[in-house]
Amino acid sequence: MQRYILIRLIQSVFTLIGVSIIVFSLARLSGNPLDVLLPDEADDETFERISELWGLNDPWYIQYFTFVKNASRGEFGPSFKWQGRTAMELVFLHLPATLQLAGFSILVSVVLAVPIGVMSAVKKGTLLDTVGKLIALLGQSLPSFWLAIVMIWIFAVKLGWFPTSGRGGFDHMILPGIALGWFSVASFMRLTRSSMLNVLDSEYIKLARIKGLPEWKVIWKHGLKNAAIPPLTVFGAIVVGQMTGSVTIETVFAWPGIGLLALQAVNARDYQVIQAVTMFISVLFIGMNLLIDILYAYIDPRVRFT
Amino acid sequence: MATEGNVLELPKESSWYSPSKLKHYIGVAIKDYPVLWLTILFVVLIFPALTAPWTAPHDPLKQELSKRLTAPVWSTGSEDKPPSWSNIFGTDKQGRDILSRVMHGSRISLMVSLSALAIGGTLGTTLGLVSGYFGGWVDHLIMRIVDVFLSLPLILMALVIVAVFGPSFWTAIGVISVLLWSRYARQIRAEVLAIKQMDFIARARVSGASNTRIIIKHVFPNITNTLIVLATLQVGTVILLEATLSFLGAGIPRPNPAWGVMVADGRDHIASAWWIAVMPGIAIMLTVLSMNMMGDWLRDKLDPKLRQV
Amino acid sequence: MTTSSEVYKEPEKKIGNVVLEVRDLRTYLYTKWGVTKAVDGLNFEVREGETLGIVGESGCGKSMTALSMLRLAPKPAARTVSGQIILDGEDILQRPEPEMRFIRGQKISMILQDPMTSLNPVYSIGNQMVEALGMYYQGEDNKGLKGRAVDILRKMGVAAPERRIIDYPHQMSGGMKQRVVGAMAISGTPRVLICDEPTTALDVTIQAQYLRLLKQVQADTGVSIIFITHDMGVVAKMCDRVAVMYAGKIVEQGELRSVFNNPSHPYTKALMASVPSMEHAHVEKLYSIEGQPPALFDLPVGCRFANRCEFADAKCLEAYPPMFQDEDGHTADCWRLEGQWKKVAEATT
Ligand SMILES: Nc1ncnc2c1ncn2[C@@H]1O[C@H](COP(=O)(O)OP(=O)(O)OP(=O)(O)O)[C@@H](O)[C@H]1O
Ligand SMILES: [Mg+2]
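Anyway, here's the lowdown on the structure attached to this text.

What counts and how
Residues numbered from 1 in each chain as written. Chains lettered and ligands numbered in written order. Predicted model: local features only at pLDDT ≥ 70, side-chain atom pairs only at ≥ 80, totals over all residues. Heavy atoms only, no water. Core = buried A, V, L, I, M, F, W, Y, C linked by side-chain atoms within 4.5 Å. Buried < 20%, exposed > 50% of the residue type's maximum accessible area, 1.4 Å probe, protein only. Helix = DSSP H or I, 4+ residues; strand = E, 2+ residues; numbered from the N terminus. Contact = heavy atoms within 4.5 Å. Expected span 1.5 Å × (residues − 1). Bend = angle between axes of the 7 residues up to and from the residue. Salt bridge = Lys/Arg side-chain N within 4 Å of Asp/Glu carboxyl O. Axes fitted to C-alpha atoms, helices over the stretch in contact; angles between N-to-C directions. Parallel < 35°, antiparallel > 145°, perpendicular 65-115°, else oblique. Left-handed = near helix turned anticlockwise from the far one by under 90°. Nonpolar A, V, L, I, M, F, W, Y, C, P; charged D, E, K, R; others polar. Pairing = 2+ DSSP bridges. Phe/Tyr/Trp six-rings, centres within 6.5 Å; stacked < 30°, edge-to-face > 60°.

Moving on: the nonpolar core. Residues Phe253(A) and Val277(A) are the most contacted members of the largest nonpolar core, which totals 137 residues. Per-element tally for this core: the top contributor is helix 8 (residues 211-247) of chain B, with 14 residues. Among all residues touching Val277(A), those that are not within four sequence positions of it are Val91(A), Ile258(A), Leu261(A), Ala262(A) and Leu156(B). Ranked by size, the runner-up nonpolar core spans 115 residues in total, among them Val55(C), Leu70(C), Cys195(C) and Leu256(C).

As structure tokens, this is what we get:
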């Protein structure tokens, strides 16, 4: 177990290094990093400060270490667009809104997808299963930004049930939550269904029935815990999908989260903020995957004890 | 009962189990007959993509301000601008014909997705083959790189790349291929690892075949099914990705009639002129839907083991 | 634990009244290719403390028979279309499904073929045993149930059961797992224990130990065993009576001695011929009969063994034979017995 976690930890560190190299080089892709790092209107003083912060007069490998050093302290420099704030401050300022939305939509997708996935495996070939498959298929085919716009049109503009945009009470969360979670419901459901089908075919499910266990226990205790393993492995990807998906959804709903921040930063070429957001989301994702692998070991003793 | 997992249709006359008609038809349409998705695919993607310059009723870029915001032909429209058969799907803010734009949009979608798949798929497959076949540190290295790419917030990276290079057709393809290859590499590697265990590989080795030869002659033919299924399923993903990028202004630049761009154009007019955003969205949905159905169908036909791709 | 160095004494047998009676059991599978008649009109009974062997080639419907007795044949494909399964005088096929919970594990239990996959990998064996025991002894606290689990594991020859109980299946050897599965199967003190090839996946020495354990359990508890196998040697060691199954039907049935000394169906004869002698029998398997059994979804009208039978004639191809019986109660379905044995039942297809 310790060994397994250690290996995963080391792998995560490598991944992190890789991500930092990419983020580092992106700013330097077009030759002079200052062209990218700063908008054209920047004054001389800002020029100086940024050059110094990133050590832009040093050779590139020294620059990289400066980058890593700064990044590990959360130091990404001042924002150009949002005067008077540092990039990292902005990230933390926008984080709660994104976490709220992503959390809500993940909750909704898990609550919807797991029972539907399990039941459509159990009731394979019935109407319920067909409907489930249809939802899964649609879920993977609907562009979420379009769904968001159409939902605003129907439920906010025409019916007036929900506000069209912005952050506020619970009712503000419904439409963006659904638009964001739609895709993950589909992929979660599909995975749960197919892995549950495999599990239901197994000998230990037969044994559980032979013992005389009630059917709900056979499915939800013996089935689900085994069936949860494959969907869990993609959970990290789904969470990060929510994070990046939030760029589109937050734009459409003017939801003041990290995604909106990122898009505004890109449009304003506020590269300090872009770097901060990118690194932040990647770290979050890597950490998330590490966490999931540990959780995975907890669920599956075959991993835990080797 | 681990025997033929093929399960199992009950005879129709059995009384305790009578499938409703609806379910039966939905089931048949989705699974058993490729007709449904083939039709959609042809109507929405292939036909317009191949023939748009000749069959589209209007020039997709031509602005006719007198006709701006005309409603689709089946809606009531307004007093001063009655719907007309000349613009079946209506027109946008600049009076451009939506139908023609959607048709030309198919062309863009198809071109972007095929090019990105070709580039990203080739790169990913090659690396996956190398990684799985040779193992050892090469494998470790490639897999860590794959991890890196899978942990990057893709859309955000795309936005950044486009911010650096400026939006263009080729930037979009480049960005999407970069994002695509890692999934290919991972899937193909897993497949190769399984194939490597098989007897015929050992036999080929014993008989002195070179690695290149084994990979080309023995390993590759065994992953073609996976490749086909993966590619089909990815077309949908790529089209969605391209649309999303275009929607965010980081994909195909204006005034090209990419579907994502069109949805973005219609966003502000959704309350008054819904058709501008809705029509291209339906095109995206139908295309991706039919590609996914085709992928599922192919997967069942070619390789049931791939259920989880 | 019984080790091979100890002198092994056969436990004494006490055979009592009929516990389980199966009448004309038919379980059909509705497949793409047609109706697979996996179990097609079986008749047999088991007495208290008795072991009935069911032998037959792979695919002849043995496992389907076993599952049908628990009403666990794979749904929705399989359906038991007719028959009676009379347990202590009551037909369990007539019971509503929810009541089956009290029959499974507590009246009829089963050991599956593959110990490697029949335990749930994500729960400790203690958890899996206590969960079942909790149903059999309702109202008892966790500690009591654990104590019971330990006792039963010890009875099934698991060393240091109080320590092993926290182990997960993957931490155990195949033989050990099969003991755990056995312990689970007897933990509800069932009247009938179905063993579906419980030792096929084990190596030979472990196999012999396991069979002895089962016999000991039977002597202690008086449980009736239905022992499914395709190994004639194991049948000779374990069983009091044998039923030979071929293509969904029992073609011959009788006391062990009677069937072994006087195999009367050509299929049984062929099976016996493939076992060189009863002493070394366990190493030999059957399978040396030429030809293929008919597909269960496309059965011939006549005798199902006719295409492989050296004695087959026109009559055999025309109609399925009726059941004949000799004076010992030994029965067989074969036209060649007409006139020699008493006809006790018309052909059943
Ligand atoms: N789920 C299923 N779907 C369709 N046919 C099945 C299914 N399970 C079993 N069968 C068929 O039913 C018949 C009986 O199978 P069963 O498992 O009872 O055989 P068996 O005698 O136990 O064989 P073995 O010795 O290999 O275990 C076989 O012909 C098999 O092909
Ligand atoms: Mg069997």
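Here the narrative resumes.
Our focus in this paragraph is helix 2 (residues 35-55) of chain B. All names here are of chain B. For helix 2, which comprises 21 residues, the first-to-last C-alpha distance of 24 Å sits more than 12% below the rise-based estimate of 30 Å (1.5 Å per residue). Its maximal kink placed at Pro48, helix 2 deviates by approximately 60°. The set of residues buried in helix 2 consists of Trp37, Ile40, Leu41, Val44, Leu45, Pro48, Ala49, Thr51 and Ala52. Looking at the buried residues of helix 2, the elements they touch are helix 3 (98-134), helix 9 (259-267) and helix 10 (275-302).

Residues and elements named next belong to chain C. One pass over the structure, following the stated rule, counts 30 salt bridges over all chains. Note that Arg26 is salt-bridged to Asp40, the shortest N-O span being 2.9 Å. Of this pair, Arg26 sits in strand 1 (residues 18-31) while Asp40 sits in strand 2 (residues 34-47), and the two are 14 residues apart along the sequence. Residues Arg26 and Asp40 agree in their burial class; the two are buried. One salt bridge connects Asp151 with Arg154, and the closest N-O pair in it is separated by 3.7 Å. A residue pair is termed a helical-turn pair when its members lie 3 or 4 positions apart in one helix, as Asp151 and Arg154 do in helix 4 (residues 142-155) at three residues.

So, about the packing of helix 2 of chain B against helix 3 of chain B. To describe two helices that pack against each other, one gives the angle between their axes and the distance between the axes. Residues and elements named next belong to chain B. Contact geometry of helix 2 with helix 3 gives a least axis separation of 7 Å together with a crossing angle of 120°. In this view, helix 2 runs oblique relative to helix 3, as classed from their interaxial angle. Taken as a pair, helix 2 and helix 3 cross one another with a handedness that is left-handed. Where helix 2 abuts helix 3, its residues Val44, Leu45, Pro48, Ala49, Leu50, Ala52, Pro53 and Thr55 lie against Met103, His104, Ser106, Arg107 and Leu110. Its residues assigned to classes, the contact of helix 2 with helix 3 shows nine nonpolar, three polar and one charged.

All names here are of chain C. Judged by pairing direction, the sheet is antiparallel, and its four strands sit side by side in the order 2-1-4-5 without closing on themselves. The open sheet has two free edges, formed respectively by strand 2 and strand 5 (90-91), since each of these has just one partner strand. In this structure, strand 1 lies alongside strand 4 (residues 78-87), joined through eight bridges in antiparallel fashion. Residue pairing for strand 4: Arg26 is matched across the bridge by Ser82. This element, helix 1 (residues 62-69), spans strand 1, strand 2 and strand 4 of the sheet and lies at about 65° to strand 2.

All names here are of chain B. Going through the model one piece at a time under the given rule, you end up with 16 aromatic pairs over all chains. Ring geometry for Tyr133 and Phe134: centres 5.1 Å apart, planes at 85°, overall edge-to-face. Classification of Tyr133 as buried rests on a relative accessible area of 4%. Judged by relative accessible area, which is 43%, Phe134 ranks as partly exposed.

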